[in-house]
Amino acid sequence: MGRRSGVLEFAVLGLLHDAPMHGYELRKRLNVLLGSFRAFSYGTLYPCLKSLVAQGFLVEDNPDVEYVPATALNGKRSKIVYRLSAEGKQRFEELLADAGPDAWEDEHFGVHFAFFGQTDRAVRMRVLEGRRSRLEERLERMRNSLARARERFDDYTVELQRHGLESVEREVRWLNELIETERANRSGRTGAPAGGTGSAVPQTSDGRGQEDGSVDPPGPPHDRPGRSAQER
């Protein structure tokens, strides 16, 4: 399974773990959860849903009394409601417990963080520390690149690289605060953060994330001072 499809599977299972929903509602929730730069179309979502149904992770329910096929004229679509099966709940728990290197990457970290409210403390710590380690490696490469850029490029290109470097440095500081908060708390699990699992994922250091000003993301505050996440 590719990284993008793996992220989508995790997000779908996590949202449906809260409550069943039909495809249109699920797509709206995904766009909030994953952010406008990771918006998914029906052409991406529905193959994922069909695959999860085929694997036995989801069950399709059709609450409509009468099925009305969609046509170009009536524009109607039967609303299929998707819910987790017992196997789907188990699969979500497995993904939730994954603290390996994939969980530290830009593509996966934000979704893992969005479901931290349902994640064991030990797993949260491994993901946060792994993410920090990955960014510290990136920082070293970026600093070396910036030093060379001063000699080879114009001032604007250098400033662009400096901006990227500062974004990663801010995320590392934010991660340091989160890790210290986790160490200060001893409970095994924490309640879901404000807004539930439908909250936007943190914007990662590559600049992707939720742009909707109506949602206050719990993630790396690249445009404002960092803050620690408190457990319930």
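Residues numbered from 1 in each chain as written. Predicted model: local features only at pLDDT ≥ 70, side-chain atom pairs only at ≥ 80, totals over all residues. Heavy atoms only, no water.

1. Side note on the overall build of the chain
Assigned secondary structure in the chain consists of 7 helices and 3 strands. Counting helices and strands in the order they occur from the N terminus, the chain gives α-β-α-α-β-β-α-α-α-α. Counting all 232 residues of the chain, 43% fall into the buried class. A separation threshold of at least 6 residues defines the contact pool for the chain, and within that pool the share at least 24 residues apart is 70%. A total accessible area of about 12200 Å² is found for the chain, and carbon and sulfur atoms account for 50% of it. (Helix = DSSP H or I, 4+ residues; strand = E, 2+ residues; numbered from the N terminus. Buried < 20%, exposed > 50% of the residue type's maximum accessible area, 1.4 Å probe, protein only. Contact = heavy atoms within 4.5 Å. Areas by Shrake-Rupley, 256 points an atom, 1.4 Å probe, with all protein chains shown as cover.)

2. Points about the packing of aromatic side chains
Taken as a whole and judged by the stated rule, the model has 7 aromatic pairs. Among the aromatic side chains, those forming a connected cluster through ring pairs are Phe109, Phe113, Phe116 and Trp174. (Phe/Tyr/Trp six-rings, centres within 6.5 Å; stacked < 30°, edge-to-face > 60°.)

3. Points about the nonpolar core
Ranked by size, the top nonpolar core spans 28 residues in total, and within it Val12, Leu13, Leu16, Leu26, Leu30, Leu49 and Leu58 carry the most contacts. Counting only elements with at least two residues in this core, the list comes to helix H1 (3–18), helix H2 (23–34), helix H3 (42–54), strand S3 (81–84), helix H4 (86–96) and helix H5 (106–114). Sorting elements by how many residues they give to this core places H1 first, with 8 residues. Apart from the residues lying within four places of it in its own chain, the contact partners of Leu30 are Leu8, Ala11, Val12, Leu15, Gly35 and Leu45. One finds Phe109, Leu165, Val168 and Ile179 within the second-largest nonpolar core, a separate group that totals 22 residues. (Core = buried A, V, L, I, M, F, W, Y, C linked by side-chain atoms within 4.5 Å.)

4. As for the environment of Phe115
Structurally, Phe115 can be placed in the loop between H5 and helix H6 (121–152). Given a relative accessible area of 0%, Phe115 falls into the buried group. In this structure, the C-alpha to C-alpha distance between Phe115 and Leu96, residues 19 residues apart in sequence, is 7.6 Å.

5. What about the sheet that holds strand S1 (residues 21–22)?
In space, the 3 strands of this open sheet follow the order S1-S3-S2, with antiparallel pairing throughout. This sheet does not close on itself; its edge strands, each paired only once, are S1 and strand S2 (58–61). Pairing between S1 and S3: 2 bridges, direction antiparallel. Bridge pairing in S3 places Met21 opposite Tyr82. (Pairing = 2+ DSSP bridges.)

6. A look at the pattern of salt bridges
Applying the stated criterion across every chain, the model contains 14 salt bridges. Here Arg83 and Asp61 are joined by a salt bridge, their closest N and O atoms 2.5 Å apart. In this pair, Arg83 sits in strand S3 while Asp61 sits in strand S2, placing the two residues 22 residues apart along the sequence. According to the relative accessible area criterion, Arg83 is partly exposed, its value standing at 33%. In this structure, Arg162 engages Glu159 in a salt bridge whose closest nitrogen and oxygen atoms are separated by 3.1 Å. With a gap of 3 residues between them, Arg162 and Glu159 both fall in helix H7 (residues 155–184), about one helical turn apart. Owing to a relative accessible area of 43%, Glu159 belongs among the partly exposed residues under this scheme. Linked through salt bridges whose partners overlap, the residues forming this network are Asp106, Arg131, Arg138 and Glu171. (Salt bridge = Lys/Arg side-chain N within 4 Å of Asp/Glu carboxyl O.)

7. Some thoughts on the pairing of S3
Of the pairings in the sheet, the one linking S2 to S3 comprises 4 bridges and is antiparallel in character. Pairing of Asp61 across the sheet is with Val81, part of S3.

8. Quick word on the confidence of the model for the chain
As a note on interpretation, predicted positions should not be read in detail where pLDDT is low. Confidence along the chain averages 77 in pLDDT terms, with 68% of residues attaining 70 or more. Across residues 65–74 the pLDDT falls below 50, and counting only partners more than four positions away or on other chains, this stretch makes 11 contacts in the model. Overall, residues 207–232 carries pLDDT values under 50, and its contacts beyond four positions in sequence, including any with other chains, amount to 67 contacts. (pLDDT = per-residue confidence, 0-100.)

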